[in-house]
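An overview of the molecular structure
Given next are the chains, with one letter for each unit.
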Amino acid sequence: MKFKFLLCIDDTDELGGEISTGLLAEEIAAFAGSFAPVSFVTRHQLLLDPRINYTSHNSCMCLEARLTESQKQRVLDFALRFLEHKSALGAEPGIAAAFEKDIVNTQELISFGRSAKEIFLSTERAFDTAHEQNVFLKELKSGARGVIGALAGIGLRLSGNDGKIRGKFELKESNLSVAELLGLNFIEAVADENFKPLSPDERVNLIGALKPVFLDFKATLLVKKEAGGFRNLSVKKLRRF
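1. Quick word on helix 2 (residues 69-86)
- The end-to-end C-alpha distance of helix 2, which contains 18 residues, comes to 26 Å, matching closely the 26 Å that a straight helix rising 1.5 Å per residue would cover.
- Those residues of helix 2 lying buried are Q71, K72, V75, L76, F78, A79, L80, F82 and L83.
- Contacts made by the buried residues of helix 2 are with strand 1 (3-10), helix 1 (21-33), strand 3 (59-67), strand 4 (94-99) and strand 5 (136-139).

Structure (C-alpha coordinates):
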(Lines give C-alpha, C1' and ligand atoms only; values in the text may rest on other atoms or scores of the structure.)
Protein backbone atom coordinates (compact mmCIF):
# COMPACT_ATOMS: atom_id res chain seq x y z
CA MET A 1 0.00 0.00 0.00
CA LYS A 2 1.22 3.51 -0.85
CA PHE A 3 0.99 6.51 1.45
CA LYS A 4 1.55 10.25 1.19
CA PHE A 5 5.24 10.92 1.85
CA LEU A 6 6.88 14.31 2.32
CA LEU A 7 10.56 15.18 2.19
CA CYS A 8 12.09 18.63 2.63
CA ILE A 9 15.64 19.93 2.46
CA ASP A 10 17.19 23.24 3.43
CA ASP A 11 20.54 25.07 3.40
CA THR A 12 22.42 22.85 0.97
CA ASP A 13 24.04 25.63 -1.07
CA GLU A 14 26.29 28.68 -0.71
CA LEU A 15 26.60 32.06 -2.41
CA GLY A 16 28.39 31.88 -5.74
CA GLY A 17 28.12 28.12 -5.95
CA GLU A 18 26.70 26.11 -8.83
CA ILE A 19 24.49 24.05 -6.50
CA SER A 20 21.03 25.17 -5.42
CA THR A 21 18.66 23.58 -2.95
CA GLY A 22 15.92 23.65 -5.57
CA LEU A 23 17.99 21.70 -8.08
CA LEU A 24 18.93 19.10 -5.46
CA ALA A 25 15.28 18.71 -4.46
CA GLU A 26 14.36 18.15 -8.10
CA GLU A 27 17.06 15.47 -8.41
CA ILE A 28 15.61 13.65 -5.40
CA ALA A 29 12.10 14.03 -6.84
CA ALA A 30 13.31 12.62 -10.17
CA PHE A 31 14.80 9.59 -8.42
CA ALA A 32 11.54 8.90 -6.57
CA GLY A 33 9.58 9.57 -9.75
CA SER A 34 11.43 6.80 -11.56
CA PHE A 35 9.35 4.23 -9.66
CA ALA A 36 6.49 6.09 -7.89
CA PRO A 37 4.06 9.02 -8.38
CA VAL A 38 5.69 12.31 -7.38
CA SER A 39 4.12 15.75 -7.16
CA PHE A 40 5.84 19.09 -7.84
CA VAL A 41 8.49 20.61 -5.58
CA THR A 42 7.34 23.60 -3.52
CA ARG A 43 9.51 26.49 -2.35
CA HIS A 44 8.64 27.91 1.07
CA GLN A 45 9.87 31.31 2.24
CA LEU A 46 11.18 31.43 5.81
CA LEU A 47 12.19 34.26 8.16
CA LEU A 48 14.74 36.77 6.90
CA ASP A 49 16.87 37.69 9.91
CA PRO A 50 20.56 38.71 10.21
CA ARG A 51 21.06 35.97 12.80
CA ILE A 52 20.29 33.36 10.14
CA ASN A 53 23.14 32.48 7.79
CA TYR A 54 20.98 31.85 4.73
CA THR A 55 22.32 31.87 1.17
CA SER A 56 20.09 34.47 -0.49
CA HIS A 57 16.38 34.19 0.36
CA ASN A 58 16.14 31.61 3.19
CA SER A 59 13.78 29.19 1.52
CA CYS A 60 13.37 25.43 1.79
CA MET A 61 12.22 22.90 -0.81
CA CYS A 62 9.62 20.19 -0.23
CA LEU A 63 8.45 17.30 -2.39
CA GLU A 64 5.51 14.92 -2.05
CA ALA A 65 5.22 11.34 -3.31
CA ARG A 66 3.06 8.24 -2.93
CA LEU A 67 5.31 5.48 -1.61
CA THR A 68 5.26 2.11 0.06
CA GLU A 69 7.20 1.61 3.29
CA SER A 70 10.13 0.06 1.41
CA GLN A 71 10.11 2.80 -1.24
CA LYS A 72 10.17 5.43 1.50
CA GLN A 73 13.41 4.00 2.88
CA ARG A 74 14.84 3.75 -0.62
CA VAL A 75 14.15 7.44 -1.31
CA LEU A 76 15.43 8.53 2.10
CA ASP A 77 18.65 6.54 1.74
CA PHE A 78 19.21 8.03 -1.72
CA ALA A 79 18.53 11.57 -0.46
CA LEU A 80 20.97 11.24 2.44
CA ARG A 81 23.78 9.91 0.23
CA PHE A 82 23.02 12.47 -2.45
CA LEU A 83 23.07 15.45 -0.07
CA GLU A 84 26.24 14.27 1.65
CA HIS A 85 28.02 14.32 -1.72
CA LYS A 86 26.33 17.29 -3.41
CA SER A 87 25.77 19.87 -0.65
CA ALA A 88 28.13 22.83 -0.76
CA LEU A 89 31.09 22.76 1.64
CA GLY A 90 29.97 25.92 3.41
CA ALA A 91 26.33 24.86 3.73
CA GLU A 92 24.48 23.72 6.86
CA PRO A 93 22.15 21.12 5.31
CA GLY A 94 19.16 19.55 7.00
CA ILE A 95 16.60 17.00 5.84
CA ALA A 96 13.16 16.08 7.16
CA ALA A 97 10.87 13.27 6.00
CA ALA A 98 7.67 11.52 7.07
CA PHE A 99 4.59 9.69 6.00
CA GLU A 100 1.63 11.96 6.72
CA LYS A 101 -0.14 9.05 8.41
CA ASP A 102 2.67 8.72 10.97
CA ILE A 103 2.65 12.34 12.13
CA VAL A 104 1.23 12.60 15.65
CA ASN A 105 -0.38 16.04 15.32
CA THR A 106 -0.36 17.68 11.90
CA GLN A 107 -1.55 21.04 13.26
CA GLU A 108 1.42 21.24 15.63
CA LEU A 109 3.77 20.68 12.71
CA ILE A 110 1.96 23.31 10.65
CA SER A 111 2.30 25.72 13.57
CA PHE A 112 6.04 25.10 13.67
CA GLY A 113 6.26 25.85 9.96
CA ARG A 114 4.36 29.10 10.32
CA SER A 115 6.53 30.11 13.28
CA ALA A 116 9.64 29.62 11.13
CA LYS A 117 8.30 32.31 8.81
CA GLU A 118 7.89 34.81 11.65
CA ILE A 119 10.32 34.23 14.53
CA PHE A 120 13.89 33.05 15.15
CA LEU A 121 13.84 29.37 16.14
CA SER A 122 16.50 27.09 17.61
CA THR A 123 17.70 23.75 16.30
CA GLU A 124 16.80 22.30 19.70
CA ARG A 125 13.17 23.25 19.20
CA ALA A 126 13.24 21.69 15.74
CA PHE A 127 14.56 18.38 17.05
CA ASP A 128 12.11 18.40 19.96
CA THR A 129 9.20 19.04 17.60
CA ALA A 130 10.35 16.36 15.17
CA HIS A 131 10.62 13.83 17.99
CA GLU A 132 7.16 14.73 19.33
CA GLN A 133 5.59 14.49 15.88
CA ASN A 134 7.40 11.33 14.75
CA VAL A 135 9.20 13.04 11.86
CA PHE A 136 12.66 11.98 10.66
CA LEU A 137 15.03 14.96 11.02
CA LYS A 138 18.77 14.93 10.43
CA GLU A 139 21.58 17.46 10.27
CA LEU A 140 24.23 16.60 7.70
CA LYS A 141 26.78 18.70 9.55
CA SER A 142 27.10 19.24 13.30
CA GLY A 143 24.95 22.17 14.39
CA ALA A 144 23.45 22.65 10.92
CA ARG A 145 20.54 25.10 11.07
CA GLY A 146 19.06 23.64 7.91
CA VAL A 147 17.08 21.26 10.12
CA ILE A 148 14.80 24.16 11.09
CA GLY A 149 13.80 24.95 7.51
CA ALA A 150 13.57 21.29 6.57
CA LEU A 151 11.06 20.57 9.33
CA ALA A 152 9.21 23.85 8.71
CA GLY A 153 8.80 22.95 5.04
CA ILE A 154 7.02 19.72 5.91
CA GLY A 155 4.54 21.66 8.03
CA LEU A 156 4.02 24.38 5.43
CA ARG A 157 3.43 21.86 2.67
CA LEU A 158 0.90 20.07 4.89
CA SER A 159 -0.94 23.36 5.41
CA GLY A 160 -1.84 23.34 1.72
CA ASN A 161 -1.62 27.13 1.50
CA ASP A 162 2.01 28.21 1.41
CA GLY A 163 4.78 28.44 -1.12
CA LYS A 164 5.40 28.57 -4.84
CA ILE A 165 5.79 25.76 -7.32
CA ARG A 166 9.46 25.27 -8.14
CA GLY A 167 10.39 26.51 -11.62
CA LYS A 168 9.17 29.14 -14.07
CA PHE A 169 7.04 28.13 -17.02
CA GLU A 170 7.17 29.89 -20.40
CA LEU A 171 4.44 29.46 -23.03
CA LYS A 172 4.35 30.51 -26.66
CA GLU A 173 0.67 31.40 -26.39
CA SER A 174 -0.25 34.89 -25.15
CA ASN A 175 -3.89 34.19 -24.35
CA LEU A 176 -5.58 31.00 -23.14
CA SER A 177 -8.87 30.07 -21.57
CA VAL A 178 -8.97 28.75 -18.02
CA ALA A 179 -9.95 25.36 -19.44
CA GLU A 180 -6.85 25.37 -21.64
CA LEU A 181 -4.64 26.40 -18.73
CA LEU A 182 -6.02 23.55 -16.64
CA GLY A 183 -4.99 21.21 -19.41
CA LEU A 184 -1.33 22.03 -18.78
CA ASN A 185 0.55 19.63 -16.54
CA PHE A 186 1.78 22.31 -14.12
CA ILE A 187 -1.49 24.15 -13.37
CA GLU A 188 -4.26 22.55 -11.31
CA ALA A 189 -6.39 25.65 -10.62
CA VAL A 190 -6.80 29.27 -11.72
CA ALA A 191 -8.01 31.90 -9.24
CA ASP A 192 -8.23 35.68 -8.91
CA GLU A 193 -6.44 37.82 -6.30
CA ASN A 194 -9.17 37.02 -3.78
CA PHE A 195 -8.55 33.30 -4.39
CA LYS A 196 -11.89 32.84 -6.12
CA PRO A 197 -11.74 30.15 -8.85
CA LEU A 198 -12.41 31.32 -12.40
CA SER A 199 -14.94 29.68 -14.70
CA PRO A 200 -13.50 27.50 -17.50
CA ASP A 201 -14.46 29.93 -20.29
CA GLU A 202 -12.68 32.99 -18.84
CA ARG A 203 -9.69 34.20 -20.89
CA VAL A 204 -6.28 35.00 -19.40
CA ASN A 205 -3.60 37.19 -21.01
CA LEU A 206 -0.22 35.58 -20.35
CA ILE A 207 2.68 37.91 -19.69
CA GLY A 208 6.18 36.65 -18.88
CA ALA A 209 6.86 33.46 -16.95
CA LEU A 210 4.00 31.70 -15.22
CA LYS A 211 4.60 30.97 -11.54
CA PRO A 212 1.90 28.89 -9.81
CA VAL A 213 1.52 29.05 -6.03
CA PHE A 214 0.47 26.30 -3.64
CA LEU A 215 -3.11 27.17 -2.72
CA ASP A 216 -5.76 24.82 -1.34
CA PHE A 217 -3.38 21.91 -2.00
CA LYS A 218 -3.20 22.74 -5.73
CA ALA A 219 -0.70 24.34 -8.10
CA THR A 220 -2.70 27.52 -8.66
CA LEU A 221 -2.16 30.28 -11.22
CA LEU A 222 -3.23 33.61 -9.70
CA VAL A 223 -4.59 36.24 -12.07
CA LYS A 224 -5.77 39.84 -11.91
CA LYS A 225 -8.84 41.36 -13.54
CA GLU A 226 -8.13 43.80 -16.36
CA ALA A 227 -10.03 45.28 -19.27
CA GLY A 228 -11.30 42.49 -21.46
CA GLY A 229 -10.38 39.64 -19.14
CA PHE A 230 -7.57 38.66 -16.78
CA ARG A 231 -3.77 38.50 -16.74
CA ASN A 232 -1.39 36.42 -14.67
CA LEU A 233 0.28 38.03 -11.67
CA SER A 234 4.00 38.75 -12.04
CA VAL A 235 6.57 36.89 -9.95
CA LYS A 236 7.15 40.12 -8.01
CA LYS A 237 3.49 40.23 -6.99
CA LEU A 238 3.77 36.69 -5.62
CA ARG A 239 6.56 37.42 -3.14
CA ARG A 240 4.27 37.00 -0.12
CA PHE A 241 3.98 33.33 -1.02
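Still more ground to cover, so stick around.
2. Looking at the side chain of Q71
- In this fold, Q71 is placed in helix 2.
- The exposure class of Q71 is buried, given its relative accessible area of 14%.
- Beyond its immediate sequence surroundings of up to four residues, Q71 is in contact with K2, F35, A36 and R66.

3. Some words on the pattern of salt bridges
- This model, assessed by the stated rule, comprises 9 salt bridges.
- With its nearest N and O atoms 4.0 Å apart, the salt bridge here joins E64 to K4. Here E64 is found in strand 3, whereas its partner K4 is found in strand 1, with 60 residues between them in sequence.
- Overall, the relative accessible area of 15% leaves K4 in the buried class.
- A salt bridge links R231 to E226, with the nearest nitrogen and oxygen atoms 3.3 Å apart.
- Among the residues examined, E226 registers a relative accessible area of 24% and is labelled partly exposed.
- The network of salt bridges with shared partners includes K4, E64, E100 and R157.

4. Observations regarding the pairing of strand 8 (residues 189-192)
- On strand 8, burial covers both faces: A189 and A191 on one face and V190 and D192 on the other are all buried.
- Across 4 bridges, the pairing between strand 8 and strand 11 (residues 218-226) is parallel. Paired with V190 across the strands is L221, a residue of strand 11.

5. Considering the environment of E180
- When you line up the elements, E180 lands in helix 6 (residues 178-182).
- A sequence separation of 20 residues divides E180 from P200, and the C-alpha atoms of the two residues are 8.1 Å apart.

6. Things to note about the packing of helix 3 (residues 106-116) against helix 4 (residues 123-133)
- Orientation of helix 3 relative to helix 4, taken along the N-to-C sense of each, is 160 degrees, at an axis distance of 10 Å. Here helix 3 lies roughly antiparallel to helix 4, going by the angle between them. Considering how the two elements wind past one another, helix 3 and helix 4 form a crossing that is left-handed. Of the residues in helix 4, those touching helix 3 at E108, L109, F112 and S115 are R125, A126, T129 and Q133.
- Considered class by class, the residues forming the contact of helix 3 with helix 4 number 3 nonpolar, 3 polar and 2 charged.

Thresholds applied
- Residues numbered from 1 in each chain as written.
- Predicted model: local features only at pLDDT ≥ 70, side-chain atom pairs only at ≥ 80, totals over all residues.
- Heavy atoms only, no water.
- Helix = DSSP H or I, 4+ residues; strand = E, 2+ residues; numbered from the N terminus.
- Expected span 1.5 Å × (residues − 1).
- Buried < 20%, exposed > 50% of the residue type's maximum accessible area, 1.4 Å probe, protein only.
- Contact = heavy atoms within 4.5 Å.
- Salt bridge = Lys/Arg side-chain N within 4 Å of Asp/Glu carboxyl O.
- Pairing = 2+ DSSP bridges.
- Axes fitted to C-alpha atoms, helices over the stretch in contact; angles between N-to-C directions.
- Parallel < 35°, antiparallel > 145°, perpendicular 65-115°, else oblique.
- Left-handed = near helix turned anticlockwise from the far one by under 90°.
- Nonpolar A, V, L, I, M, F, W, Y, C, P; charged D, E, K, R; others polar.

Treat this as a map of the structure, not an account of what it does.
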